[in-house]
Amino acid sequence: MSEQVFEPKIVGFLCNWCSYRAADLAGSARITHAPNVRIVRVMCSGRVDPSFVMKAFSLGADAVLIAGCHPGECHYIEQNYKAMRRFHMLRQTLKAMGVEEQRIQLVWASAAEGQQLAEAIDKMVDEVRQLGPLGWSGNWEENGERIQALEDIVKEHEQAMEVTA
Amino acid sequence: MAEKIGVYVCHCGSNIAGKVDVEEIAQWAGENLDDVAVSRDYKFMCSSLGQQMIEDDIKKEKLTRVVVGACSPHLHEKTFRRACSNAGMNPYLMDLTNIREHCSWVHKDRSLATEKARALISAAVQRVKHQEPLEPMYVDVNPATLVIGGGIAGLQATLELADAGYHVYLVERLPSIGGHMAQFDKTFPTLDCSACILTPKMSEAGQHENVTLLTYAELEEVSGSVGSFKVKIRQKSRCVDYDACTGCGICVEKCPRKVLDTEFEAGMGNRKAIYMPFPQAVPRVPVIDQDSCIWFERQKCRACEKLCPTDAIKFDQEDELIDIEVGNIIIATGWKPFDSKKIPQYGYGRLANVYTSMEFERLCNAAGPTNGKIVMRDGKTVPKSIAIVHCVGSRDDRHNPYCSGICCMAALKFGHLVLEKTDAEVYSFYIDMRTNQKNYEEFYQRLLGEGMRFVRGKVSEVTDAARMPTEQGKLIVQCEDTLIGRQQRYPVDMVILMGALEPQEDARELGLKCGISCSMEGWYTERHPKLDPVATMTDGVFVAGTCQGPKDIPASVAQGAAAAARVAGMITKGKVMIEPIVASINEQACSGCKICNNMCPYNAIEFIEETETSRVITALCKGCGTCVAACPAGVITGAHFNNKQIFAEIEGALWDALQPAAESSSQAETVPASAS
Ligand SMILES: Cc1cc2nc3c(=O)[nH]c(=O)nc-3n(C[C@H](O)[C@H](O)[C@H](O)COP(=O)(O)OP(=O)(O)OC[C@H]3O[C@@H](n4cnc5c(N)ncnc54)[C@H](O)[C@@H]3O)c2cc1C
Ligand code: SF4
Ligand code: SF4
Ligand code: FES
């Protein structure tokens, strides 16, 4: 690939109520930040299915950002805690598969925190730039299986954690 | 059948076009993205001409889907949905992608911004193909309203609605309505007598034909949503028959058990075991405090019962659960005072003549325990000098970072009352004097004229350890006077701590019941801090007064009225639209694992024992999608945010990521999209 500055491609899942609005606010306040995050709106960070993250990696994303309301401020009361649990699990599992921690990040940003979100994005882009391309999409066959395996682990894990009589 | 998609890229004047090559993107989309039948750019898509363009295309070109690349959906999603509806297309077949706030306004480099905008448009085009027509749901608005909290904010909201002809249930947890304002003597800056302006409103609410007063009651549980909430109220046992009691007060008079009144009198006075918190209480029905009543303690006494002329005393009365149905809820639960003991160096609780501001309110109140005489704890000595310490627990990172907003003015009010009633010297120890409302600065100027002394600095300590003969028997306030840059010691007789306004202890819990959230500190979060200050993120739930953040009485009243106006608007309209963004379970495929059952904070998922499968109760689901993400069988669908749609969106957003590998073949098969 080209020898110029590596511009990572990051998919960002932002919840409708806080973090998406934080990005809106960053816009109206003209807080410049790195253009690498392509935002996908979900109603809540709790909607982020681990398979969304896998899908993004498998399609060539270099990193994935999940952003939601601060703990205790989720529009749906407490769903971001569920997102948080999934996130840690996902990050652990990905790490075991050789995906650096910085490639999957969880950020809390309230609707008033355009500045904070912009800073978090800049920081993340810097970190991923250092790491270079992930290149999971390079080898389809093999990674397809790897991703499937990952997904299975994550789901299993979730089941184990979330069934409370 | 292939879709026919119309793509519309907005210039927004130069707001977008200044950083993003909109014409090129529109052309690219038309030429490169599958199923795009029309692709245009336009100066202002949201203008009537822009909308007309979309409508005409839908009709002429028989478009089946529309993508608009413009501003945030929070701004114009409704606009473009309406345009689609007007042209006969289901509004949920439109996707608005944000290339302004999220792109042109925040990126410096034109080519990178253009690339991002291109990816966002591509994502929207892929997504929109999978969007499904949805029918908005309408629910009738129950014209009754629940107001929680009977302070001035809640009272205002109640009366506005009741006067407009709508029924209000006013729930107050204490035995009387009135809130903190009932405890004050005078109110700044006009110095009206608090009781004179408050009690007429209290009795109006008490007598209003449209108001059901539920005092000594608390919210137990809320279910349902905007338009039709079902609410359970716990009416705590008063041990007094509400209807039989005439409020004569003989029981209170004859009750032999006196206890310290830590609520209304802030610990400055006593009350009986059976009591009305204050003479103008509404309703005039006493309650028995079961923790101090002799009967509950050792089965003796029953004096009140014997003497009650209407046999209203009922020792065996139990809590009662009352079910009500309302269309909207207004939360006006106010504030609680900072616990000044948390700053031990100020000596509250240890040094007798250190007072909290609420104690001092009672002390100078004509109806208070000293009949308004300002005397020290011994009950007779009139202080010769008083120090008022500002920002106690406010603007202090160890306690609360925020400014409580009202303490400077309350301190000035105290200064005035002391100067009016005594010959004492009054010192104010302030960090910054904050008097930024109507007539507030004038009030400050007035106090400067009246001889109140002002020392700029944060008090470091209040002590009784004298270093000089002049300090003997005094409280010494140690403070750096930052205007002269010197540490000073001020010997005084009395110290008043202007404690912070804090959120109620149970604010978070109550918020949870009503489905609204709090800031880190515990103040309720409004929908928009500037443009929507009394609505919340939960439709049908409004906030008013200090529960949303520290404020004075005028602002609390304004919010109470504003919340009432919002509710009245909903009632007048009669119906509310609710977004059909809800989850549903394919019961044929559900394995009955019950994982989703525990996922839902609204208990919207029920388990059907016969079929051993789960089902979403549509009316309760708020559409967060957490259960959708959690179902291991992938059989829950989140309308408008289903897996197919989001996978497609991700794929579109990364359209360029796989280009170099040039293996465009069977990507979609790689990750088996668990059935949407
Ligand atoms: C020392 C001091 C002096 C002040 N002097 C002035 C002044 O002179 N002028 C001025 O403009 N402002 C003054 N203020 C500010 C004033 O107190 C507030 O602006 C005002 O009380 C706000 O009214 P509210 O209705 O929001 O809250 P509150 O007065 O706190 O009323 C809230 C009500 O809700 C009830 N409640 C709470 N939780 C629940 C629950 N879970 N269920 C049911 N009911 C509940 C409470 O019992 C209470 O009755 C002063 C403040 C202080 C600390
Ligand atoms: S999680 Fe899925 S499979 Fe399990 S009960 Fe709920 S809907 Fe059925
Ligand atoms: S989407 Fe699922 S978890 Fe969320 S509110 Fe609806 S039923 Fe509950
Ligand atoms: S709505 Fe933002 S995290 Fe739940």
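Computed from a predicted model, the values in this text were never measured in an experiment.

Rules and cut-offs
Residues numbered from 1 in each chain as written. Chains lettered and ligands numbered in written order. Predicted model: local features only at pLDDT ≥ 70, side-chain atom pairs only at ≥ 80, totals over all residues. Heavy atoms only, no water. Salt bridge = Lys/Arg side-chain N within 4 Å of Asp/Glu carboxyl O. Helix = DSSP H or I, 4+ residues; strand = E, 2+ residues; numbered from the N terminus. Buried < 20%, exposed > 50% of the residue type's maximum accessible area, 1.4 Å probe, protein only. Phe/Tyr/Trp six-rings, centres within 6.5 Å; stacked < 30°, edge-to-face > 60°. Lys NZ or Arg CZ within 6 Å of the ring centre and 35° of its normal. Domains from an automatic or database assignment. Contact = heavy atoms within 4.5 Å. Buried area = accessible area lost by both parts, 1.4 Å probe. Near = heavy atom within 4 Å. Nonpolar A, V, L, I, M, F, W, Y, C, P; charged D, E, K, R; others polar. Disulfide = S-S within 2.5 Å. Core = buried A, V, L, I, M, F, W, Y, C linked by side-chain atoms within 4.5 Å. Expected span 1.5 Å × (residues − 1). Polar contact = N/O pair within 3.5 Å; in protein donor to acceptor, adjacent residues only side chain to side chain. Areas by Shrake-Rupley, 256 points an atom, 1.4 Å probe, with all protein chains shown as cover.

Participant: Hey, could you go over the pattern of salt bridges for me, with residue numbers and the actual values?
Facilitator: Tallying each qualifying case throughout the model produces 46 salt bridges over all chains. For B:Glu218, the salt bridge identified is with B:Lys236, shortest N-O distance 3.2 Å. Within this pair, whereas B:Glu218 is found in strand S11 (residues 217-225), its partner B:Lys236 is found in the loop between strand S12 (228-235) and helix H8 (250-254), the two being separated by 18 residues in sequence. Owing to a relative accessible area of 30%, B:Glu218 belongs among the partly exposed residues under this scheme. Residue B:Lys236 is classed as partly exposed on the basis of its relative accessible area of 22%. One salt-bridge network, in which partners are shared between bridges, spans A:Arg41, B:Glu77, B:Arg81 and B:Glu579.

Participant: Can you lay out the packing of aromatic side chains for me, pointing to particular residues and giving the numbers?
Facilitator: Geometrically, a pair of aromatic rings is defined through the distance of the ring centres and the angle of the planes. Summed over all chains, the structure comprises 15 aromatic pairs over all chains. Summarising the aromatic geometry, the rings of B:Phe188 and B:Tyr440 are spaced 5.5 Å apart at their centres and angled 85° between planes, so their arrangement reads as edge-to-face. Of the two residues, B:Phe188 is situated in the loop between strand S8 (186-187) and strand S9 (192-193) and B:Tyr440 in helix H13 (residues 440-450); the sequence distance between them amounts to 252 residues. Here the two residues B:Phe188 and B:Tyr440 agree in accessibility, since each one is buried. Note on B:Phe429 and B:Tyr490: the rings are 5.1 Å apart at their centroids and 75° apart in plane angle, and the pair reads as edge-to-face. Here B:Phe429, found in strand S22 (residues 425-430), pairs with B:Tyr490, found in strand S26 (residues 486-492); they are 61 residues apart in sequence, far enough to count as distant. Across the pair, exposure class does not vary: B:Phe429 and B:Tyr490 are buried alike. A:Arg41 extends its terminal NZ or CZ atom over the ring of A:Tyr20, reaching a point 5.5 Å from the ring centre. Above the ring of B:Tyr602, the side-chain terminus of B:Lys622 is found at 4.9 Å from the ring centroid.

Participant: How would you summarise the domain arrangement of chain B if you had to cite specific residues and measurements?
Facilitator: Domain parsing of chain B yields domain 1 (5-136), domain 2 (145-335 + 537-573), domain 3 (344-502) and domain 4 (583-638). Each of domain 1 of chain B and domain 3 of chain B was reduced to a C-alpha centroid, and the two centroids are 61 Å apart.

Participant: Account for the interface of chain A and chain B, naming residues and giving values.
Facilitator: In this assembly, 64 residues from chain A lie in contact with 63 residues from chain B. Summed over both partners, the interface of chain A with chain B buries about 5,800 Å², with 62% contributed by carbon and sulfur atoms. Joining chain A to chain B, the criterion identifies four salt bridges. Between B:Asp656 and A:Lys9 there is a salt bridge; the shortest N-O distance is 4.0 Å.

Participant: Give me the site of ligand 2: which residues, what numbers.
Facilitator: Around ligand 2 sit B:Ile585, B:Cys590, B:Ser591, B:Gly592, B:Cys593, B:Lys594, B:Ile595, B:Cys596, B:Ser614, B:Cys631, B:Pro632 and B:Ile636, and those are all the residues in its vicinity. When its residues are assigned to classes, the shell around ligand 2 shows eight nonpolar, three polar and one charged.

Participant: An account of the state of the cysteines is requested, with residue identities and associated values reported.
Facilitator: Residue and element names in this part refer to chain B. Throughout the structure, instances matching the rule amount to one disulfide over all chains. Here Cys-193 is linked by a disulfide to Cys-196, with a sulfur-sulfur distance of 2.2 Å. With the S-S bond torsion at 90°, the cross-link from Cys-193 to Cys-196 turns out right-handed. Look at Cys-193 and you get partly exposed, because its relative accessible area is 25%. Considering cysteine sulfurs only, Cys-391 is the nearest to Cys-479, which forms no disulfide, with 11 Å between them.

Participant: Explain unusual backbone geometry to me, using residue names and the numbers behind them.
Facilitator: All names here are of chain B. Pro-189 follows Phe-188 through a cis peptide bond whose omega is -10°. Looking at where Pro-189 falls in the secondary structure, it is placed in the loop between S8 and S9. Put simply, Val-282 and Pro-283 share a cis peptide bond, and its omega is 0°. Looking at the secondary structure, you find Pro-283 in the loop between strand S15 (274-275) and strand S16 (287-288). Backbone geometry at Tyr-216 places phi at a positive 55°, although glycine is not the residue there. Structurally, Tyr-216 can be placed in the loop between strand S10 (211-215) and S11.

Participant: Could you give me a rundown of the nonpolar core, with the residues and numbers involved?
Facilitator: All names here are of chain B. Among the nonpolar cores identified, the biggest contains 79 residues, and Ile-330, Phe-360, Ile-388 and Leu-412 are the most heavily contacted of them. A total of nine residues in this core trace back to one element, the largest contributor, which is helix H12 (residues 407-421). When residues of this core are sorted by domain, at least three fall in each of domain 2 (145-335 + 537-573) and domain 3 (344-502).

Participant: Requested: an account of helix H3 (residues 73-86) of chain B, with residues and values cited.
Facilitator: In this model, H3(B) (14 residues) spans 18 Å end to end at C-alpha, consistent with the 20 Å of a helix rising 1.5 Å per residue. Tucked inside the fold, the buried residues of H3(B) contact helix H1 (19-28) and strand S2 (37-42) of chain A together with helix H2 (48-60), strand S3 (65-70) and strand S4 (94-98) of chain B. Just downstream of H3(B), B:Gly88 is the residue with a positive phi angle, here 90°.

Participant: An account of the site of ligand 1 is requested, with residue identities and associated values reported.
Facilitator: Residue and element names in this part refer to chain B. Taken together, 36 residues lie around ligand 1, and Glu-172, His-180, Phe-188, Thr-546 and Lys-551 are the ones closest in. Within the contact set of ligand 1, an oxygen atom lies 2.5 Å away from a side-chain nitrogen or oxygen of Glu-172. One nitrogen or oxygen atom from the side chain of Trp-335 is found 3.2 Å from an oxygen atom belonging to ligand 1. Within the complex, 98% of the 1,000 Å² of free accessible area of ligand 1 lies under protein. Within the residue set of the shell around ligand 1, elements represented by two or more residues are helix H6 (152-163), strand S7 (168-172), S8, helix H11 (357-363), H12 and helix H15 (553-573).

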